[in-house]
Amino acid sequence: MSAMNGASSLVASLEAAGVDVMFGIPGGAILPAYDPIFSSSIRHILVRHEQGAGHAATGYAQVTGRVGVCIATSGPGATNLVTPLADAAMDSVPVVAITGQVPSLAIGTDAFQEADIRGITMPFAKHNYLITDPADIPRAIAEAFHIASTGRPGPVLVDIAKDALQKMTDFNYPTSVSLKGYQPRTITCAESITDAADLIAQSSKPVFYVGGGVIKANASRELFELAQLLGAPVVTTLMARGAFPDSHPLNLGMPGMHGTVAAVTALQKADLLITLGARFDDRVTGKLSTFAVNAKVIHADVDPAEIGKNRFADVPVLGDLKHTITALIPALKESLAKNRPDLTPWLRQMNSLKTTYPVGYDIPTDGSLSPQYVIERLGKISGPQTIFASGVGQHQMWASQFISYEYPRTWLNSGGLGTMGYAVPAAMGAKVGAPDTTVWAIDGDGCFQMTNQELTTCALNNIPIKVAIINNESLGMVRQWQTLFYEGRYSNTNLESKRVPNFPMLAEAMGCIGLSCDRPEDVDATIEKAMSSDNQPVVVDFRVNRDAMVWPMVAAGTSNDEIMIARETAPDWGSQEL
Amino acid sequence: MAQHTLEVIVENSPGVLARVAGLFARRAYNIERLSVGPTSNPETSKMEIVVNLDGHVLEQVIAQLDKLVNVISIIEILPDEVQPIVHDTQPDYQN
């Protein structure tokens, strides 16, 4: 125990929590904390906008599996964190946000830069604190890290009044955390494991419906063993890309609104969904009442509120997925020894769909650049160790479809909240967490214009990320919907970003290398040029055809049975007896 | 739909009522009646929440309530029976 002010106690607590880096911007209310930060062992990266700090913390957390930390001042500093914290909540990312608050006596008086950030974040934060007594700081920090990183991970906010940072206190970091109202279950009940194994062994058309929870639980290796054991097809949701290797013959790809025909159909026609860390999101299920109507459901998750939320679970399996899958492997061996169903016809059907309907695209006839081709080449040339972070929209779907993900934590995106502007700051955080790995942000021209200011941060702090702008001079996904559902009335989706801004010049102005490419024959050389520079951020403006669309597509609110592989073109089900 | 009464033991700390009320509001669950009072332990308070929800939705309310860190336990009070249904910090899905 030692005497110090609240600010020093905060920084000592963060050090004790094992923080090695945080992203933030100082301001009035948080200013006392920035004095001890100045001499702390923690690396503080001064971002250009608090939203960048939040997404960077998320990117860092998604790549490392550790808690990402961001810090901001009261009022606007704190409210600028709202979007990334909501984003982290939707995608279950462990993030701790520290915010300064006006002095405790001023709280509630509409003081300068006062915002009730605890109240504002209450609907989505996993938990949050308002600290007015410096003695509470170490415990709040210890609890925040515990809550953020255990169970279903999520964002926790600690709001600290300025006077609590200034007053003297005794620093005493708790050695353990005990919360009566928060005891996430980690050990899976043995009975539910046996029930799951028995149900699997009775099923002739099972499919592994794999969600982001498998990556959060670091259970990819266990999943690999389980999938090999059963030999059933695997689908990986947008949040789970990389949880199971794309190159594996059992992997049917991504299900959902822009999923592969094979993955969507596997879920629709299965007699059993082995659901691992997925949450039956509307983008996966389509119209819920018509989703996988003949399937029984095993639902394994660490969050009890997810089990049965959208879809009844015949066998609920509550617990940490790593433990669940580890326990399921021997149980399934035992069940399969008694009864091993023949999955061959089912696998043959699914493989036939996979071969007949691979994700593909048309090369534009006018010689212009195909966005899918650019993304496909990025994946091929950079290789499977590369980390990709994407924004939200068409380029996100193409980046999920046309890059082969072989390892967990190599694909970062904003899946739940759908936050445009996620890519550049998340890539920055990812590169900080994995400095020896190539990190590409695949961004749209719309997304890029929301958060590109963090390239300055990257240039000044030796964070050499690479950014591929898939520039179709449009809010492309919205434009696609206008094409399909609004008779081509392109209301406010034309960004004109091939005219303004000049992206390579903008990149150069922020201390990055700026490149551009608009011919298919230059794509490889441009990517290789970008790959050759590793001491400066690189931005490539890929000027692509604006009419390319994302296919397949299940239109919002319709059944997955109505999947289209191109405009007004359904798959030919004639030869498929499913 | 039948009325159900939930007895929710929460930490006696600022903002807990807002957390509980906010959860009902954002997930569009209606509260019929709500009362908050002390317990014999000064560190906890007791909320009695009456809802007009059944089956799956009621289960969801309880599961979501249980996720609030400040919520310690949830007991469903059954009007005509002696034994209340105890929802501890994790609902038991094993039956």
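What counts and what doesn't
- Residues numbered from 1 in each chain as written.
- Chains lettered and ligands numbered in written order.
- Predicted model: local features only at pLDDT ≥ 70, side-chain atom pairs only at ≥ 80, totals over all residues.
- Heavy atoms only, no water.
- Pairing = 2+ DSSP bridges.
- Helix = DSSP H or I, 4+ residues; strand = E, 2+ residues; numbered from the N terminus.
- Axes fitted to C-alpha atoms, helices over the stretch in contact; angles between N-to-C directions.
- Contact = heavy atoms within 4.5 Å.
- Phe/Tyr/Trp six-rings, centres within 6.5 Å; stacked < 30°, edge-to-face > 60°.
- Buried < 20%, exposed > 50% of the residue type's maximum accessible area, 1.4 Å probe, protein only.
- Lys NZ or Arg CZ within 6 Å of the ring centre and 35° of its normal.
- Buried area = accessible area lost by both parts, 1.4 Å probe.
- Salt bridge = Lys/Arg side-chain N within 4 Å of Asp/Glu carboxyl O.
- Domains from an automatic or database assignment.
- Nonpolar A, V, L, I, M, F, W, Y, C, P; charged D, E, K, R; others polar.
- Parallel < 35°, antiparallel > 145°, perpendicular 65-115°, else oblique.
- Left-handed = near helix turned anticlockwise from the far one by under 90°.
- Disulfide = S-S within 2.5 Å.

Right, let's talk about the sheet that holds strand β11 (residues 251-253) of chain A for a bit. Residue and element names in this part refer to chain A. In space, the six strands of this open sheet follow the order β11-β10-β9-β12-β13-β14, with parallel pairing throughout. Strands with a single pairing partner mark the edges of an open sheet, and in this sheet they are β11 and β14 (315-318). Strand after strand, the sheet turns through a mean of 20 degrees between neighbouring axes, direction not considered. Across three bridges, strand β9 (residues 206-210) lies against strand β10 (residues 234-236) in parallel orientation. Within β10, the position partnered with Tyr209 by the bridge is Val235. Helix α9 (residues 190-201) rests against β12 (272-276), β13 (296-301) and β14 of the sheet, and its axis sits at about 135 degrees to β14.

Residues and elements named next belong to chain A. Scanning the model with the defined rule gives nine aromatic pairs over all chains in all. Between Tyr361 and Phe402, the aromatic rings sit 5.3 Å apart at their centres with planes inclined by 85 degrees, giving edge-to-face as the arrangement. Residue Tyr361 is found in the loop between α15 (344-356) and α16 (371-382), and its partner Phe402 is found in helix α17 (residues 394-402); the two are separated by 41 residues along the sequence. For Tyr361, a relative accessible area of 22% puts it in the partly exposed group. Ring centres of Phe388 and Tyr405 lie 6.2 Å apart, and the angle between their planes is 85 degrees; this geometry places the pair in the edge-to-face category. Separated by 17 residues along the polypeptide, Phe388 in strand β15 (residues 387-390) and Tyr405 in the loop between α17 and β16 (411-412) bring together distant segments of the chain. Note that Arg479 overlies the ring of Tyr490, its terminal NZ or CZ placed 4.1 Å from the centroid.

Let's shift gears to the interface of chain A and chain B. Counting residues at the interface gives 26 residues for chain A, matched by 23 residues for chain B. Carbon and sulfur atoms make up 50% of the area that chain A and chain B hide from each other, which totals about 2,100 Å². Looking only at chain A, the three residues that lose the most surface to chain B are Met122, Lys180 and Gly181 of chain A, adding up to 24% of its buried area. Counting the contacts that link chain A with chain B gives one salt bridge.

Residue and element names in this part refer to chain A. The buried count for helix α12 (residues 261-269) comes to eight of nine residues, which makes it a mostly enclosed element. Of the positions making up α12, those classed as buried are Val261, Ala262, Ala263, Val264, Thr265, Ala266, Leu267 and Gln268. Here the buried face of α12 lies against β9, β10, β11, β12, α13 (282-285) and α15.

Where interface size is given, it is often the accessible area lost as the parts come together that is meant. Residue and element names in this part refer to chain A. Taken as a whole, chain A is organised into domain 1 (2-171), domain 2 (190-356) and domain 3 (371-543). For the pair domain 1 and domain 2, the summed buried surface comes to about 570 Å²; carbon and sulfur atoms form 56% of the total. Per-residue buried area on domain 1 facing domain 2 is highest for Met90, Asp91 and Arg152; these three make up 66% of the total on that side. Residue Asp303 pairs with Arg152 through a salt bridge whose shortest N-O separation is 2.9 Å. Taken together, the residues that form the side of domain 1 that touches domain 2 break down as three nonpolar, three polar and two charged.

Residues and elements named next belong to chain A. With an omega of 0 degrees, the peptide bond running from Val500 to Pro501 counts as cis. Residue placement: Pro501 occurs in the loop between α21 (476-485) and α22 (503-509). Look at Glu487: it is not a glycine, yet its phi comes out positive at around 50 degrees. By the element assignment, Glu487 lies in the loop between α21 and α22. On the basis of relative accessibility, which here comes to 73%, the residue Glu487 falls in the exposed class. In this structure, Glu496 is a non-glycine residue whose phi angle is positive, near 55 degrees.

Our focus in this paragraph is the packing of α12 of chain A against α15 of chain A. All names here are of chain A. Packing of α12 against α15 leaves a shortest axis separation of 8 Å and a crossing angle of 150 degrees. The orientation of α12 relative to α15 falls into the category roughly antiparallel. Our pair here, α12 against α15, has a crossing hand that is right-handed. In this structure, α12 contributes Val261, Ala262, Thr265, Ala266 and Lys269 to the contact, and α15 contributes Trp346, Met350, Leu353 and Lys354.

On to the state of the cysteines, then. All names here are of chain A. All chains considered together, the criterion is met by zero disulfides over all chains. Sulfur of Cys512: no disulfide; nearest cysteine sulfur belongs to Cys458 and is 7.0 Å away. The thiol of Cys517 is unpaired, and the distance to the nearest cysteine sulfur, on Cys512, comes to 18 Å. When its relative accessible area of 2% is taken as the criterion, Cys517 is described as buried.

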